Amino acid sequence: MTAILLIATLPWLAVAAAAAFAVWVPPPLRSPDAARSAGPLLPSVRIVVPARNEAENIGPCLRSLTLQDYPDFRITVVDDCSTDGTGRIARSVAPGHARRVEVLDGAPLPPGWFGKSWACAQGARGTTEDLLLFTDADTLHGPSLLGLAVRALAEDEASALTLFGRQELGSFGERLVQPHLFTLLGLRFRNLASPLGPERQGDAVANGQYILVRRSAYDEIGGHASLRSEVVEDLRFAQRLTGAGHRLSLRTAGEGLSTRMYHSLREVLDGWTKNLAIGASQSAGPLGRLALVAIMGYTVVAWVLPPAVFALLAAAGTLGARWPGAVLLWSGAATLAGLLAWVRAYGRSGVPRRYALLFPLGAAVLAHITLRSAWRGHRRVEWKGRRYSGGEVLGESG
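Remember, predicted model here, so these are calculated numbers, not experimental data.

Would you mind going over the pattern of salt bridges with me for this structure?
Where charged atoms of side chains with opposite charge meet at close range, the side chains can pair. Under the criterion given, the structure shown has 20 salt bridges. Between R151 and E155 there is a salt bridge, with its nearest N and O atoms 3.2 Å apart. Pair noted here: R151 and E155 are both in helix 6 (residues 145-155), with a separation of 4 residues, about one helical turn. Overall, the relative accessible area of 34% leaves E155 in the partly exposed class. The partner of D203 in a salt bridge is R200, with the nearest N and O atoms 3.1 Å apart. By relative accessible area, which is 27% here, D203 ends up partly exposed. In this structure, a network of salt bridges that share partners links the residues R46, R74, R100, E102 and E129.

See below:
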């Protein structure tokens, strides 16, 4: 019986070990002193910030950008038909170290475009800088970050660089669920320490919160016009760029870049519902739906099933029965392995480790998001007050 128990527990131990220790983390940026040493040879940069109803975030984001310790950069904010005063707040921010901060009133969304790609395309249009940086309005940037990123781009001899920063998790729902998503992505995208080229196009991924790209490469792939109908535009950007023969570098920014993607469990549900199925389709091609089934199966079997079985059998008092008792021991061992894995995984995400006690609940919410995303797919996407279907805008509100 002991041997059977050990054999039955091994798969869960392996999965727990992977979640705890096999999650990939990009290599870090260099020190600030190294970035400053490049001095006057640093190329000019245009920073493009798409913003739709970001009144709460746009001021702090812009102030952090204007304080960049960098000799030649301009900032363009594209106010994407906001109704909450985003443009007014953006116009009140002083340029600081930037040569200029301009705010464009975005044009109405044309047919066939998703909002973020349309805003980015408007922000990049007519600019002449050597490099383009696309960053989200809910990000905060350390003063040395731009210089570090530009230097890393040159060191890696890449056409584009994307950064992964610290994710701020404030509410209970964010802390409960987001580490599960981050762990899932870290297990999917691995061995990306070296810049990716066309031979690794299927593994290419980018973080839309920070994408620095050479203008020549951006223009060659058609800019954001080539991404106009993409919901998960950052993933498709990475694939288009590497598919065209360019190199993409991935680095971690540590404390130099932070963002709070969502502010509640409802926003977590809506945001990942929008991205997960389409991202799986883009990453796995025709096997995208199968990948979603695999994600749901992995989530339920690995993290929900053992604690559920353990709780049911323990509550029923079946420890004395031979087979139910063995099942209780198996489920208890698998649950303990999961708990230890999630103590590490939640800590890695900056979440108090006590949340690991709720890992089955977080996994159940992830399974729900996967099912919800698979059901909606491309048929219905809702984000930032806009409703899309098949790439077309059905309606929008503030």
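For this particular structure, what's the right way to read the packing of aromatic side chains?
Within a pair of aromatic rings, the relevant descriptors are the distance that separates the centres and the angle that separates the planes. Under the definition given, this model contains 9 aromatic pairs. Relative to W330, the ring of W12 lies with its centre 5.1 Å away and its plane at 80°, an arrangement referred to as edge-to-face. Taken together, the positions of W12 in helix 1 (residues 2-21) and W330 in helix 12 (residues 322-348) put the pair 318 residues apart, joining distant regions of the chain. You'll find W12 and W330 in the same group, each marked buried. Ring geometry for W113 against W118: centres 5.1 Å apart, planes inclined by 65°, an arrangement best described as edge-to-face. Here the two residues W113 and W118 agree in accessibility, since each one is buried.

Help me understand helix 5 (residues 115-124), please; the structure alone is not making it clear to me.
Note on helix geometry: an α-helix contains 3.6 residues per turn, so any two residues three or four positions apart are oriented the same way. Of all 10 residues making up helix 5, 9 are buried, and the element is well covered by its neighbours. When we look at burial in helix 5, the residues that qualify are G115, S117, W118, A119, C120, A121, Q122, G123 and A124. Of the residues flanking the end of helix 5, it is G126, one or two places downstream, whose phi is positive at about 80°.

Before we go on, may I ask you to explain the sheet that holds strand 3 (residues 100-105) in this structure?
Strands belonging to one sheet form pairs held by backbone hydrogen bonds; the direction of such a pair is parallel or antiparallel. Spatially, 3-2-1-4-7-6-8-5 is the arrangement adopted by the 8 strands of the open sheet, whose pairing is mixed. With one partner strand each, in any of the chains shown, strand 3 and strand 5 (139-141) form the two edges of the open sheet. Adjacent strand axes in the sheet meet at a mean angle of 30°, parallel and antiparallel pairs treated alike. Note that strand 6 (residues 160-167) and strand 7 (residues 210-214) share 3 bridges and pair antiparallel. In the sheet register, A160 faces strand 7, and the bridge partner there is V213.

Mind showing me how you'd approach the pairing of strand 4 (residues 131-135) here?
Looking along a regular strand, one sees side chains alternate from face to face of the sheet. In terms of burial, strand 4 is largely enclosed, as 5 of its 5 residues are buried. Residue alternation in strand 4 divides its side chains into two sets, L131, L133 and T135 and L132 and F134, and both sets are buried. Where strand 1 (residues 45-51) and strand 4 come together, 4 bridges link them in parallel fashion. Counterpart to V48 in the pairing with strand 4 is F134. Where strand 4 meets strand 7, 5 bridges bridge the pair, whose relative direction is antiparallel. Its bridge partner lying in strand 7, L131 is registered against R214.

Help me understand unusual backbone geometry, please; the structure alone is not making it clear to me.
Unlike most non-glycine residues, N53 shows phi in positive territory, near 55°. Residue position: N53 is located in the loop between strand 1 and helix 3 (58-66). For N53, a relative accessible area of 18% translates into the label buried.

Whenever I open this one, the environment of E102 confuses me. Can you help?
Mapping E102 onto the fold places it in strand 3. Through-space distance from the C-alpha of E102 to that of A90 is 8.5 Å; in sequence the pair is 12 residues apart. In this structure, E102 is in contact with R46, I75, T76 and V77, ignoring residues within four places of it in sequence. One polar contact links E102 to T76, side chain to side chain, over a distance of 2.7 Å.

Rules of the game
Residues numbered from 1 in each chain as written. Predicted model: local features only at pLDDT ≥ 70, side-chain atom pairs only at ≥ 80, totals over all residues. Heavy atoms only, no water. Salt bridge = Lys/Arg side-chain N within 4 Å of Asp/Glu carboxyl O. Helix = DSSP H or I, 4+ residues; strand = E, 2+ residues; numbered from the N terminus. Buried < 20%, exposed > 50% of the residue type's maximum accessible area, 1.4 Å probe, protein only. Phe/Tyr/Trp six-rings, centres within 6.5 Å; stacked < 30°, edge-to-face > 60°. Pairing = 2+ DSSP bridges. Axes fitted to C-alpha atoms, helices over the stretch in contact; angles between N-to-C directions. Contact = heavy atoms within 4.5 Å. Polar contact = N/O pair within 3.5 Å; in protein donor to acceptor, adjacent residues only side chain to side chain.

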